[in-house]
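Close look at the chain arrangement
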Amino acid sequence: MKPTSVWVRRRLVPAGLALIALSAAVVPLATADGDPPPRLVWGSCVQGSDDASGRELEEAGAQCAELTVPLDHSKPGGRTIELALSRLPAADRAHRIGALVLNSGGPGEPTLDMPLRVRAAMKDVGARYDLIGLDPRFVGRSTPLDCGWPIGLWLRSAGSTRARFDHQVAVQRDLAERCARRHADVLPYANTRDTARDVDLVRRALGERRISFLGYSYGGYLGAVYAQMFPGRTDRVVLDSPGDPEKWGSRAMQGTEEEAERALRGWASWAAERHGAYGLGATRGRVLDTVNAIVDAAEDRPLRVGSHEVDEQVVPYLLSTGPGDDRPAARAAFASTVRTLNEAAHRRPAVPGPELDGLLTFVLTGAGSPLAGPTAAITCGDRAAPRDPETYWNDVQRSRARHPLFGPLKNNIWPCAFWPGQPRELPTRIASSVPALIVSATGDTATTYEGGKAMHRALTGSRLLTLRGATAHGIYGEYGNACVDAEVNAYLATGALPTADRDCRS
């Protein structure tokens, strides 16, 4: 699991919540769906003098719009919400393939500026698509949902004692109750199935009979749900690091302990070779001893890191995020984090760098609430969670025996245990022959390679593109593997899946 959310990979900066300003140019629409399509009015993406992402979009030639959709899709004439969209038009109109709708993951990660990154990854084929960034309902610049939490991301370890676990039960209950007090009227409509219905309204508003889709992490799950709910309305589908669709929900982290431990050991070997730079230990065993000493120190008292206090329930989460990317820059950043935590464990001044300070601010303060609230709402709204805290405690204890560091984290209780009501619908059962290209790394610590294979089995018309020997989550256009990028771009260019599953090497 990654910040900023359940399956998130990149940013720690909360998105702006204002809706997109509109201007004049109306897009002509064509649809075969019967009812008149919803209207889009494209205009400036810039929302103010400090809107750097809006300026970047506009300088690249993108436009933005908002789309009005029903809060409750079973009542199309009832209350509405707004969705924020961006569009980077195809430069090669003569060879235009269609619209490619993007989702960055989470759930809860804004997607509006994603067309810029994807256009760069697509190289020449990017000029043949309209790239569509869509902030899903309640996310980013779409109608916001902020639970007003005093903290941001809720992921915590159960801790070393029953008393610490009971404290977590109280914290998670309070988070759920705060969200219910603020948003009881809309929480039933924060879920993946309603988001998929929104995507289909976006398709109609764009005037497309079929859309292509690229989703990362949770976005891969969303793409599979959309294809399942709206058969025949997808063209080219790429699901990057999607995870097992049967396990999506508040317990999705269960069973990922071994991948997390394997990644931590891999990073420890890397850090040992650089003991002179980081001072964490000259062997892998010594580096892991340093990590364990940090955990032990946090059990005695919270660690002081800059202006933050980091206790034994937060430290395991911090130690689970960094090793999930084996690229040198990511490993170096995590080594700096561990070095800072080690200073704090020894009661020495520990000043976090900008990345660690941003992560701690997101996790520990209310600054993260606007991003973490929608993440929880969608996760809890998709699948019912066990309500009895004893279920979680028993799972924690069973896992702790084999995985003392990550077991209490991966099996801990979430706000979903106390979420108001039950999900309005059962989770979507993914079982179709929709053509799709699934991209997965063998060392993925978040959604895991086994999860990618499970999605491949569920989508019988798919092909699996495996990146072997890599610890990575979010691969195409991000990890820097030329083989993966070429395979995905070939599919996006031709629409022809590989004749068999393919492997790439790190």
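Residues numbered from 1 in each chain as written. Predicted model: local features only at pLDDT ≥ 70, side-chain atom pairs only at ≥ 80, totals over all residues. Heavy atoms only, no water.

Let us look at the overall build of the protein chain. Across its full length, the protein chain holds 16 helices and 13 strands. Relative to the compact-globule value of 23 Å for 506 residues, the protein chain shows a C-alpha radius of gyration of 22 Å, a close match. Dimensions of the protein chain, computed from the C-alpha atoms along their principal axes, are close to 65 × 50 × 45 Å. The proportion of buried residues among the 506 residues of the protein chain is 59%. In the protein chain, the proportion of contacts linking residues at least 24 apart, taken out of those at least 6 apart, comes to 76%. (Helix = DSSP H or I, 4+ residues; strand = E, 2+ residues; numbered from the N terminus. Rg over C-alpha atoms; globule rule 2.2 N^0.38 Å. Buried < 20%, exposed > 50% of the residue type's maximum accessible area, 1.4 Å probe, protein only. Contact = heavy atoms within 4.5 Å.)

Moving on: the environment of His 167. Along the chain, His 167 falls in helix H3 (residues 162–183). By relative accessible area, which is 44% here, His 167 ends up partly exposed. The sequence separation of His 167 and Pro 374 amounts to 207 residues, and the corresponding C-alpha distance is 23 Å.

With that settled, the discussion passes to the packing of helix H8 (residues 284–300) against helix H10 (residues 328–345). Relative orientation of the contacting elements H8 and H10 amounts to 50°, with a least axis distance of 9 Å. The angle between the axes of H8 and H10 places the two elements in the oblique class. Where H8 crosses over H10, the handedness of that crossing is left-handed. On H10, the residues that touch Thr 290, Val 291, Ile 294 and Ala 297 of H8 are Val 338, Leu 341, Asn 342 and Ala 345. Across the contact of H8 with H10, the residue classes break down as six nonpolar, two polar and no charged. (Axes fitted to C-alpha atoms, helices over the stretch in contact; angles between N-to-C directions. Parallel < 35°, antiparallel > 145°, perpendicular 65-115°, else oblique. Left-handed = near helix turned anticlockwise from the far one by under 90°. Nonpolar A, V, L, I, M, F, W, Y, C, P; charged D, E, K, R; others polar.)

Right, let's talk about the state of the cysteines for a bit. All told, the structure shown has four disulfides when counted by the stated rule. What pairs with Cys 45 in a disulfide is Cys 64, and their sulfur atoms sit 2.0 Å apart. The sign of the 100° torsion about the S-S bond sets the Cys 45-Cys 64 disulfide as right-handed. Pair noted here: Cys 45 is in the loop between strand S2 (41–42) and helix H1 (52–59) and Cys 64 is in strand S3 (residues 63–70), with a separation of 19 residues, a long-range link. With a relative accessible area of 0%, Cys 64 lands in the buried category. (Disulfide = S-S within 2.5 Å.)

Okay, empty space enclosed by the protein next. Under the definition given, this model contains three cavities of 30 Å³ or more. Considered as a void within the structure, the largest cavity measures approximately 80 Å³ in volume. Elements with a minimum of two residues in the lining of the largest cavity: helix H4 (192–206) and helix H12 (369–382). The residue makeup of the lining of the largest cavity, split by class, is three nonpolar, four polar and four charged. (1 Å grid on protein atoms, 1.4 Å probe; cavity = no way out; pocket = protein on both sides within 12 Å on 5 of 7 lines; lining within 4 Å. Points joined across faces, edges and corners; volume = space filled by probe spheres on them.)

With that settled, the discussion passes to the sheet that holds strand S4 (residues 80–88). Spatially, the nine strands line up as an open sheet ordered S3-S4-S6-S5-S7-S8-S11-S12-S13, and their pairing is mixed. Where the open sheet ends on each side, the last strands, each with one partner, are S3 and strand S13 (502–505). Between one strand and the next, the sheet's axes are offset by a mean angle of 20°, whatever the strand orientation. Summarising the sheet, strand S5 (residues 98–103) and strand S6 (residues 129–135) pair through five bridges and their orientation is parallel. Bridging across to S6, Gly 98 finds its partner in Tyr 129. Contacting S3, S4, S5, S6 and strand S7 (211–216), H4 crosses the sheet at an angle of about 125° to S3. In the packing of helix H16 (residues 482–494) onto the sheet, the strands contacted are S6, strand S8 (234–240), strand S11 (436–441), strand S12 (462–468) and S13, and the crossing angle to S8 comes to about 165°. (Pairing = 2+ DSSP bridges.)

The subject of this paragraph is helix H5 (residues 218–229). In an α-helix, one turn spans 3.6 residues, which is why side chains three or four residues apart end up on the same side. Spanning twelve residues, H5 covers 16 Å between terminal C-alpha atoms, matching the ideal 16 Å at 1.5 Å per step. In terms of residue burial, H5 counts as a mostly covered element, since eleven of its twelve residues are buried. For H5, the complete set of buried residues consists of Tyr 218, Gly 219, Gly 220, Tyr 221, Leu 222, Gly 223, Ala 224, Val 225, Tyr 226, Ala 227 and Met 229. Residues of H5 that are buried make contact with S5, H4, S7, S8, H12 and helix H15 (449–458). (Expected span 1.5 Å × (residues − 1).)

Another aspect to go through is the nonpolar core. If you look at soluble globular proteins, the nonpolar side chains tend to sit buried side by side. Leu 67, Leu 85, Trp 154, Trp 267, Leu 303, Leu 319 and Leu 459 are the most contacted members of the largest nonpolar core, which totals 119 residues. Ranked by the residues each element gives to this core, the list is headed by H5, at eight residues. (Core = buried A, V, L, I, M, F, W, Y, C linked by side-chain atoms within 4.5 Å.)

Let us now look at the packing of helix H6 (residues 257–272) against H8. Where H6 meets H8, the closest approach of the two axes is 8 Å, and the angle between their N-to-C directions is 115°. Here H6 is positioned roughly perpendicular relative to H8, judged by the angle of their axes. With respect to the hand of their crossing, H6 and H8 are arranged in right-handed fashion. Judged by residue contacts, Leu 264, Arg 265, Trp 267, Ala 268, Ser 269, Ala 271 and Ala 272 of H6 engage Arg 284, Val 287, Leu 288 and Val 291 from H8. For the contact of H6 with H8, the class distribution of residues is eight nonpolar, one polar and two charged.

With that settled, consider the confidence of the model for the protein chain. Per-residue pLDDT for the protein chain averages 93, and the proportion of residues at 70 or more is 93%. Long-range and interchain partners of residues 1–32, a stretch whose pLDDT sits below 50, account for 138 contacts in this model, where long-range means more than four residues apart. (pLDDT = per-residue confidence, 0-100.)

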